[in-house]
Amino acid sequence: MAVTISDVARHAGVSPSTVSYAISGKRTISPSTRERIDAAIAHLGFTANAGARALATSQTMVIGLLTQFHQDEFAPAMLQYVLPVSDTARELGYDILLVTETDATAALNRVTRTGMVDGVVLLDVIHEDPRLETMRAAPQPGALVGLPKHTEGLDVFDLDFGESARMLVDHLYGLGHREIVVVSPPKHVFERGGAYGWRFRDAALERGARYGLQMHPYYGESQQPAIGHSINAILDARPTATALIVHNDATIAALPAVLAARGTRVPMDLSVVSLYSKDFGRAFSLPYTAVESSPDQLGQQAVRQLVRRITNPELAGAPVTRFVAPELTNRGSTR
């Protein structure tokens with residue numbers, strides 16, 4: 001039989017209302033009483049009924065996580081952001097409702113207007129994101145991982161892609177490279193409004209122009225065999241380039257095999273730098289010097305700020321836009 005609040009109360013030697021207050025946080029409970037209640041909950045295996053808790057506290061203890069997995073993109077790259085959001089939410093006592101519907105605006109409207117969640121984290125944010133008007137009008141707060149064109153009224157967290165690009169160009173320039181190939185996300189990412197793509201590419205080209213470098217930008221691909229064909233065609237077209245900057249997760253994951261098949265040695269024949277997370281690099285055994293993309297930091301910061309805004313809006317303060325500073329890890333793939 002299901003354990004009830006009354007069972008917990010009898011075991012802890014308190015009233016059912018005291019247990020209810022301890023669970024909901026509506027009233028202050030003495031440390032000794034809370035310890036007895038926590039011990040009773042653990043001993044009896046009590047789990048609060050979500051529906052009853054929502055009625056009592058007006059909170060669901062659920063955070064909505066909205067993203068889309070596009071068929072023409074590299075799914076492992078997006079999954080890097082889902083886990084830290086989920087882990088941080090769980091650490092703070094919240095469950096995650098993952099929403100991946102194609103009509104993202106309608107889905108966001110449904111989960112907020114019906115009170116299914118206490119707040120929302122938006123991933124896969126694009127330059128002119130159609131979800132933002134709905135998010136601003138929602139009764140719950142929202143946090144974004146990704147920089148849109150307009151940030152008003154929302155907490156926004158992202159990597160500083162422009163500084164990341166400049167850091168990589170500076171690194172290569174300092175080693176004497178004067179002709180560099182830049183491989184960006186696929187063209188459809190730019191067309192869809194993936195601002196991170198042009199923020200990185202444009203900063204790299206501007207930095208290269210400042211140094212008087214020959215910079216050759218190309219769109220990359222997101223799936224094989226197109227990735228291999230693309231890299232081979234690019235390197236064949238630019239035989240005098242001495243360095244390659246790859247800002248494309250699918251391409252960098254496939255690059256070791258492509259270069260090995262060409263007989264291209266890194267860094268003896270070609271210096272390679274990129275942008276990816278340490279976990280991503282380990283998963284695909286990537287040996288390249290790279291800027292850390294920081295999905296863990298971004299997910300954690302977004303959830304913590306969202307929970308602050310849920311539990312204490314005054315303490316959370318005005319909406320923030322924060323960039324994670326890039327960090328370069330030298331793995332010996334340049335010379």
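Details of the structure are given in the entry above.
Residues numbered from 1 in each chain as written. Predicted model: local features only at pLDDT ≥ 70, side-chain atom pairs only at ≥ 80, totals over all residues. Heavy atoms only, no water.

In this model, the largest pocket occupies a volume close to 330 Å³. For the lining of the largest pocket, the secondary structure elements donating two or more residues are helix 5 (75-91), helix 13 (278-283) and helix 14 (295-311). The greatest single-element share of the lining of the largest pocket, amounting to 7 residues, is contributed by helix 5. A class-by-class count of the residues in the lining of the largest pocket yields 8 nonpolar, 6 polar and 7 charged. (1 Å grid on protein atoms, 1.4 Å probe; cavity = no way out; pocket = protein on both sides within 12 Å on 5 of 7 lines; lining within 4 Å. Points joined across faces, edges and corners; volume = space filled by probe spheres on them. Helix = DSSP H or I, 4+ residues; strand = E, 2+ residues; numbered from the N terminus. Nonpolar A, V, L, I, M, F, W, Y, C, P; charged D, E, K, R; others polar.)

Moving on, we come to the environment of L259. You can see L259 is positioned in helix 12 (residues 249-262). For L259, a relative accessible area of 2% corresponds to the buried category. (Buried < 20%, exposed > 50% of the residue type's maximum accessible area, 1.4 Å probe, protein only.)

Moving on, we get to the side chain of Q140. Among the structural elements, Q140 can be located in the loop between helix 7 (131-137) and strand 4 (142-145). At 3.1 Å, the side chain of Q140 forms a polar contact with the backbone oxygen of V117. Discounting chain neighbours no more than four positions away, the residues touching Q140 are V111, T112, G115, V117, D118, G119 and M135. (Polar contact = N/O pair within 3.5 Å; in protein donor to acceptor, adjacent residues only side chain to side chain. Contact = heavy atoms within 4.5 Å.)

This paragraph deals with a nonpolar patch on the surface. A cluster of nonpolar residues, F69, L79 and L98, forms a patch on the protein surface that exposes about 260 Å² of accessible area. Tracing the sequence through the fold places F69 in the loop between strand 1 (62-66) and helix 5. For F69, a relative accessible area of 34% puts it in the partly exposed group. (Patch = residues over 30% accessible without salt bridge, like charges linked within 9 Å, V, L, I, M, F, W, Y side chains within 5 Å. Areas by Shrake-Rupley, 256 points an atom, 1.4 Å probe, with all protein chains shown as cover. Salt bridge = Lys/Arg side-chain N within 4 Å of Asp/Glu carboxyl O.)

Looking now at empty space enclosed by the protein. Going through the model one piece at a time under the given rule, you end up with 1 cavity of 30 Å³ or more. Looking at the largest cavity, its volume works out to about 680 Å³. Forming the boundary of the largest cavity are 39 residues, of which A77, M78, Y81, Y196 and D249 lie nearest the centre. Across the lining of the largest cavity, the residue classes break down as 21 nonpolar, 11 polar and 7 charged.

Our next topic: the nonpolar core. Residues I63, V121, L123, I180 and I245 are the most contacted members of the largest nonpolar core, which totals 40 residues. Top element by residues in this core is helix 14. It accounts for 6 residues. Those residues in contact with I180 that sit more than four places away from it in its chain are L172, L213, Q214, M215, H216, A243 and I245. (Core = buried A, V, L, I, M, F, W, Y, C linked by side-chain atoms within 4.5 Å.)

For helix 6 (residues 104-113), the full list of buried residues reads A104, A107, L108, V111 and T112. On an axial view of helix 6, the arc spanned by its buried residues comes to 120°, and they lie on one face. Check the buried side of helix 6 and you find it contacts strand 1, strand 2 (95-99), strand 3 (119-122) and helix 7. (Arc of directions from axis to C-beta.)

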